[in-house]
Structures are given as C-alpha cells and as structure tokens.
Amino acid sequence: MATASGGAWLDRWEGRIEIRTETYGMSVAADGRTARVFAPDGGSDADGRGPQVAVLQLFGALDTLDGPDETAGTTPPVLLRRHPYPVIEAERRSTRWEKAAVRIECRPEAVELSWSVRGSGTLGEVHLLAGRSVLPGGGGYLPSGSSFRTLFSPNPGDPRRLVRGAGESAVVGVVGDARPGRGHWFFTPAPLCLALTTAPAVEDPGRPVPEGWWSLAVDAPVSDMTFTQLAYVPADGGFALRLDYEGHTRVDGEFRTPAVVFTPGSPDPYEALRRYRARLVSRGSVPAVPRPRRPDWWSAPMFCGWGAQNHEARVTGRAAQALAGQAEYDRYLAHLADQGIEPGTIVIDDKWQLQYGTCEPDPDKWPDLRGWIAARRERGQRVLLWWPAWLWEGLADELCVRNPEGVPVALDPGSPVARKALEDGVARMLGDGPGGLGADGLKTDFTARTPSGAALTHHGPRWGIALLHQMLSTVYDAAKRVKPDALVITHTPHPSFADVTDMVRLNDMLRLDDPEPDAPIVPQMRHRAAVVAAACPDLLVDTDDWCVPDREQWRAYLAAKPDLGVPALYYSTHIDRTGESLGPEDYAALRSAWRAWDGRRRAHA
C-alpha cells in the first residue's frame with residue numbers, strides 16, 4: 001500500500017485502484033466498470049482483505065422519456081484527489097447523454113457513489129448500481145452482485161415479517177395502497193435506508209448478528225427527491241436500485257443523482273438508521289428544526305373514533321364514514337367516561353366533513369362542531385380533526401394534478417392557488433375567530449395517495465417525495481401560524497420530514513385486503529416504533545390502535561404501548577373485527593396502561 005489518506009490506504013495494481021480502511025476494502029476495476037467491496041475482516045485472504053460482500057456495477061442508467069440510457073464504452077478510473085479521502089471518477093460513453101460518469105468517494109466510514117450526466121432530457125427511471133451495456137462480450141441489463149442473504153426495510157409491508165430475503169424486493173416512497181404489490185403504504189415516506197447482512201434466517205432485527213449489517217442509503221435534501229420511490233430490485237445473486245422520476249424532472253445541462261451511501265459495521269438495522277439520520281444532519285440534508293418545549297397535552301392519551309365507527313358500521317350496515325357525527329362521538333365518549341376513561345385528546349375521524357377539500361363540517365352530523373370542540377376544551381380535553389392529504393372534493397379542477405383527459409387525481413400543492421386553498425382550510429379547521437372551528441390540531445392521513453404517472457400535469461418543479469413535503473409544509477406552517485401549539489400528526493418518519501410533523505403515527509396494524517390478513521401485531525408495532533425512534537428521535541409516537549385481529553391481541557398491544565409512545569384508543573365498547581365486547585377487566589387494563597404512560601412521560605418531562 002502506497003499512501004495513507006484520511007484513514008484509507010490507497011494503491012494501484014495493474015490498473016486497479018485499491019482502497020482499504022478500518023471498516024471496508026474496495027477494488028475499482030481497471031476498466032472502470034465494477035468495484036469489489038470487502039468486509040473489514042483483515043487477513044482472511046492473501047491481499048489482507050476480508051470476505052467479498054458485493055461487486056458494485058458502476059455504469060448507472062439515467063433513462064429519459066425518449067429512451068433508455070445504455071453504455072457504449074468506459075474509461076479507466078481516475079483518482080481525482082487523495083485528501084481528505086480518496087475520490088475516484090470513471091467516465092462512460094452514453095447512448096443518451098453527452099457525458100456520463102460515476103464518482104466514488106472513499107470516506108473512512110463508508111463508500112459514497114453518485115452518477116452525473118450532461119445533456120438534455122426528462123428523467124424516467126434512474127438505475128443506480130446497475131446499467132445497460134451494449135459493449136462487446138455480453139450486453140443487456142447488468143445489476144450489482146452480492147453475498148447478502150437478508151434484507152431489512154424501514155418501510156413496513158407484510159405485517160407478519162420484520163425482515164425478508166435479500167432476493168426479495170423492497171420499496172420506500174410515497175405511493176401505495178391495498179392492491180397487490182403496493183401494500184407498502186404504512187410509512188410514506190420511511191427513511192431511504194435499507195440494511196443488508198450475510199447472516200441467514202434473521203428473526204429479530206433488534207438483536208445484533210456476528211456478521212453485522214451494511215446499510216444502503218440515499219442521501220439528498222428533500223427538495224432534490226423529485227422521485228416517487230426508491231426500489232430495491234433483486235436479481236439472481238445480486239440487486240439494483242431504482243429511482244422513479246416518472247418524467248417530471250427535466251435536465252438541461254448538468255445533473256447529479258442523489259448519493260448512494262454504502263456503510264458497513266452496524267450491529268443492527270436500527271443503529272444503521274440512527275447513523276443515517278446523523279449523516280443527513282451533519283451534511284445539512286435535514287432541515288434544522290428548533291423545537292420549543294412541547295405542550296404537555298400533546299402527550300396525553302388519545303381516543304380516535306375510527307374503530308368504534310367501524311364496529312357500529314358492522315352492526316348497523318351503515319358506512320363507517322357515515323358515523324363520524326356528534327351523536328356517535330358523544331355516545332362513544334360517554335361510555336368510556338362511565339368506565340373511568342377520560343382521554344386527553346379526541347380525534348374525530350373520517351368523515352366529519354361535508355366535502356374533503358373544503359374542510360367544512362357536515363351540518364347533519366355536526367350541527368355545532370365549533371361549540372362541541374369548545375365544550376370539550378372546558379372539560380380539559382383537546383380535539384384533533386382527521387385531514388386527508390391529496391383529496392380535493394369540493395375544490396376546482398384547476399387546483400389539481402390532472403391526467404391527459406383533464407380529470408383530477410390529486411390536489412396540486414405546486415399551484416399557488418391550491419396552496420392558498422390549503423392554508424384557508426387549515427385556518428377554518430383550527431381558527432378560533434369567526435368562521436373557525438377552533439380545533440387543536442390535525443391527524444394527517446392518505447399521504448400514500450401522492451400522484452404518480454408520467455402523463456400527469458401539475459405546477460412547479462417538484463414531484464414525488466418533494467411534492468408531498470411541499471404539501472405538508474404548507475399545512476404545517478399554516479397550522480402553526482393559526483395556533484402555535486397545534487399538534488400535527490403524520491406517518492412520515494423520514495428525517496427530512498421532521499420539520500412538517502410533531503408526532504408520527506404508526507398507522508394501521510393489518511393489511512385487511514391480504515388473503516390472510518391476521519398477523520401478530522405487537523412485534524410489528526415495536527418494529528415501527530423502533531424505526532421512528534431511530535430516524536426521528538425528537539418526535540412523539542402515536543401508537544395507533546386499528547385494526548386489531550382480536551381482543552387478546554388488543555390486550556397484548558395495550559400492555560406494550562406505554563413503552564412505545566402516546567397510547568391511542570380506537571374502541572369504545574367492542575373490537576370491530578370480531579365483535580368481541582370490552583369488559584371490566586379491559587377497562588381496568590386501559591386505566592392501568594394510561595397511568596403507566598402518564599408516569600413515564602412525567603418522569604421525563
């Protein structure tokens with residue numbers, strides 16, 4: 001080894017560039033096409049390297065709507081600098097771009113890769129750690145190779161599993177629903193940080209494994225995340241990453257992708273998430289959020305009526321949304337009060353509104369919602385209103401993202417007029433003056449309905465994750481202007497969304513459209529809470545409560561809630577899925593769990 005640089009040993013051998021740090025080893029091929037990455041198990045082979053964990057494909061493919069990006073030639077890697085750490089660049093000849101290259105930053109603790117192009121085009125799919133070759137000797141799509149056997153995604157999917165095989169796919173983004181292959185909507189977005197290990201059959205990701213974990217993360221300011229999702233695409237003995245820009249990011253001149261950071265040495269995936277957040281903060285990719293002392297009432301146990309609405313719907317045959325009215329909520333809360341259960345915060349769920357987009361109460365359900373909220377305040381309780389992101393019912397089509405036929409598919413926060421409508425709606429829901437309902441905050445839902453599709457039209461340069469952040473930022477800032485202590489709840493535990501939320505909701509426990517939806521819920525909810533704690537440690541956690549498989553599991557989760565976050569109760573008299581009634585022992589357990597939580601939060605006040 002010839003040179004010490006920033007904690008990395010650097011050498012050249014037969015055209016290769018060799019790097020070795022205390023945490024990994026890497027060899028960039030002489031043709032600039034691949035890089036072999038090794039574990040830091042010093043001395044396990046003749047070169048003093050540990051076992052190989054991956055062969056990274058360096059081409060990249062930044063496809064445009066006009067066609068795919070293929071590689072017709074490569075050049076040897078060039079060492080751009082040695083200090084404070086080695087930086088390597090390898091150019092390639094692209095069939096789509098005037099110039100294309102990959103940059104590899106060999107930091108002491110991680111390998112950081114990014115891909116640049118020069119030219120003009122509108123981005124479609126962007127493939128990283130993979131590419132298309134039209135070179136002699138074997139062309140086509142070339143993914144990276146790996147020795148990994150287990151994959152961890154911070155984005156919950158199948159509630160039965162916390163990890164999956166490295167040969168399975170994973171998606172982190174802002175699009176999803178109940179249809180097959182799209183059931184990754186619980187966190188939108190989760191941290192863009194996957195974790196991989198060579199260890200097989202990992203059952204509990206919270207327990208360290210001897211092999212350790214490597215994280216594979218996308219690092220960029222949220223304004224640069226103009227893609228809808230990051231996809232981990234498995235291959236036979238390998239993988240690739242894909243960013244879906246969907247034709248809404250135009251390149252005229254130079255463009256560089258978000259960085260992909262490949263980091264070894266985490267004992268478990270949650271530590272990988274903590275390191276991911278720390279790196280984003282240190283680089284300024286996460287907005288600084290000066291947080292004043294949070295009001296004590298934010299941490300009070302909550303009651304949300306959605307589970308009770310669903311039970312009543314099951315019994316009466318009416319739609320659950322038809323039961324979000326004053327008479328029903330008075331009945332739910334009166335029964336709980338008779339059992340000695342007095343929630344500090346009440347969430348009025350779907351659908352208290354006459355129309356989703358206008359945020360006006362349905363007068364048949366709520367003859368005087370403003371007066372009802374004021375009466376609850378006099379009892380020492382606070383009221384949040386359920387608010388569905390992206391839904392435009394009652395607003396003009398011109399305020400919406402639209403398809404080629406002019407049909408609206410979502411509200412368009414890129415439109416100044418639409419942003420004004422959002423601000424007016426927030427003022428209506430939270431304002432204490434004339435025309436305001438006087439609510440204390442918002443429970444934000446449906447963020448997975450972020451618009452998706454190359455044929456859609458909208459205002460402004462933002463799309464995907466960046467567009468969702470713009471919407472939530474508009475709502476959050478308006479809420480704080482109207483009521484500085486307003487509580488805003490979302491299910492967006494990405495560190496870059498910490499400036500648009502006060503509390504992260506763990507979301508629904510089950511995917512009810514699965515063929516066999518029932519699953520053990522406590523491990524799943526502990527996992528989700530651990531993701532939030534690692535990625536957004538300054539935010540409160542809403543533990544949620546719907547939809548439990550049965551009363552036994554509801555009791556088990558109730559006992560676990562004080563360790564996870566703010567206890568949320570969705571039921572009043574019965575479990576909606578099974579029709580099982582809550583008895584005296586259940587209400588006693590509720591009172592006990594809420595007392596336990598109250599003791600914990602006061603001890604840490």
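A brief look at the structure comes next. Just so you know, these numbers come straight off a predicted model, no measurement behind them.

## Some points on the packing of helix α2 (residues 306-316) against helix α3 (residues 326-338)
Where α2 contacts α3, the axes come no closer than 11 Å and their chain directions differ by 110 degrees. Relative to α3, the element α2 is oriented roughly perpendicular. Residue-level inspection shows Trp306, Ala308, Gln309 and Glu312 of α2 in contact with α3, the latter providing Glu328, Tyr329, Arg331 and Tyr332. Tallied by class, residues from the contact of α2 with α3 come to four nonpolar, one polar and three charged.

## Structural notes on the pairing of strand β14 (residues 140-146)
Sheet analysis places strand β6 (residues 52-57) next to β14, joined by two bridges and oriented antiparallel. By the bridge assignment for β14, Val55 is matched with Gly145. Pairing analysis gives four bridges linking strand β13 (residues 130-133) to β14, with the strands arranged antiparallel. If you follow Arg132 over to β14, its bridge partner there is Tyr141. Between the antiparallel neighbours β13 and β14 lie six residues, among them Gly137 with a positive phi of about 95 degrees. As judged from the two bridges shared by β14 and strand β21 (residues 238-244), these two strands associate in the antiparallel manner. By the bridge assignment for β21, Gly145 is matched with Gly238.

## Section: the sheet that holds strand β32 (residues 487-490)
Here eight strands make up an open sheet; going across it, the order is β34-β33-β32-β31-β28-β25-β24-β35 and the pairing parallel. Edge positions in the open sheet fall to β34 (540-542) and β35 (568-569), since each of these has one partner strand only. Bridging between strand β24 (residues 302-304) and β35 involves two bridges; their strand directions are parallel. Bridge pairing in β35 places Phe303 opposite Leu569.

## Focus: the packing of aromatic side chains
Tallied over the full model, the rule gives 15 aromatic pairs. Both rings, one in Tyr232 and one in Phe239, keep their centres 5.6 Å apart while their planes meet at 10 degrees; by these two values the pair is stacked. Judged on exposure class, the residue Tyr232 and its partner Phe239 are both buried. In this structure an aromatic cluster arises from ring pairing among Phe303, Tyr329, Tyr332, Trp366 and Trp372. Geometry around Phe446 places Arg449 over its ring, the cationic atom sitting 4.1 Å from the centre. In this arrangement the basic side chain of Arg528 is found over the ring face of Phe186, its NZ or CZ atom lying 4.1 Å from the centre.

Procedures and definitions
- Residues numbered from 1 in each chain as written.
- Predicted model: local features only at pLDDT ≥ 70, side-chain atom pairs only at ≥ 80, totals over all residues.
- Heavy atoms only, no water.
- Axes fitted to C-alpha atoms, helices over the stretch in contact; angles between N-to-C directions.
- Helix = DSSP H or I, 4+ residues; strand = E, 2+ residues; numbered from the N terminus.
- Parallel < 35°, antiparallel > 145°, perpendicular 65-115°, else oblique.
- Contact = heavy atoms within 4.5 Å.
- Nonpolar A, V, L, I, M, F, W, Y, C, P; charged D, E, K, R; others polar.
- Pairing = 2+ DSSP bridges.
- Phe/Tyr/Trp six-rings, centres within 6.5 Å; stacked < 30°, edge-to-face > 60°.
- Buried < 20%, exposed > 50% of the residue type's maximum accessible area, 1.4 Å probe, protein only.
- Lys NZ or Arg CZ within 6 Å of the ring centre and 35° of its normal.

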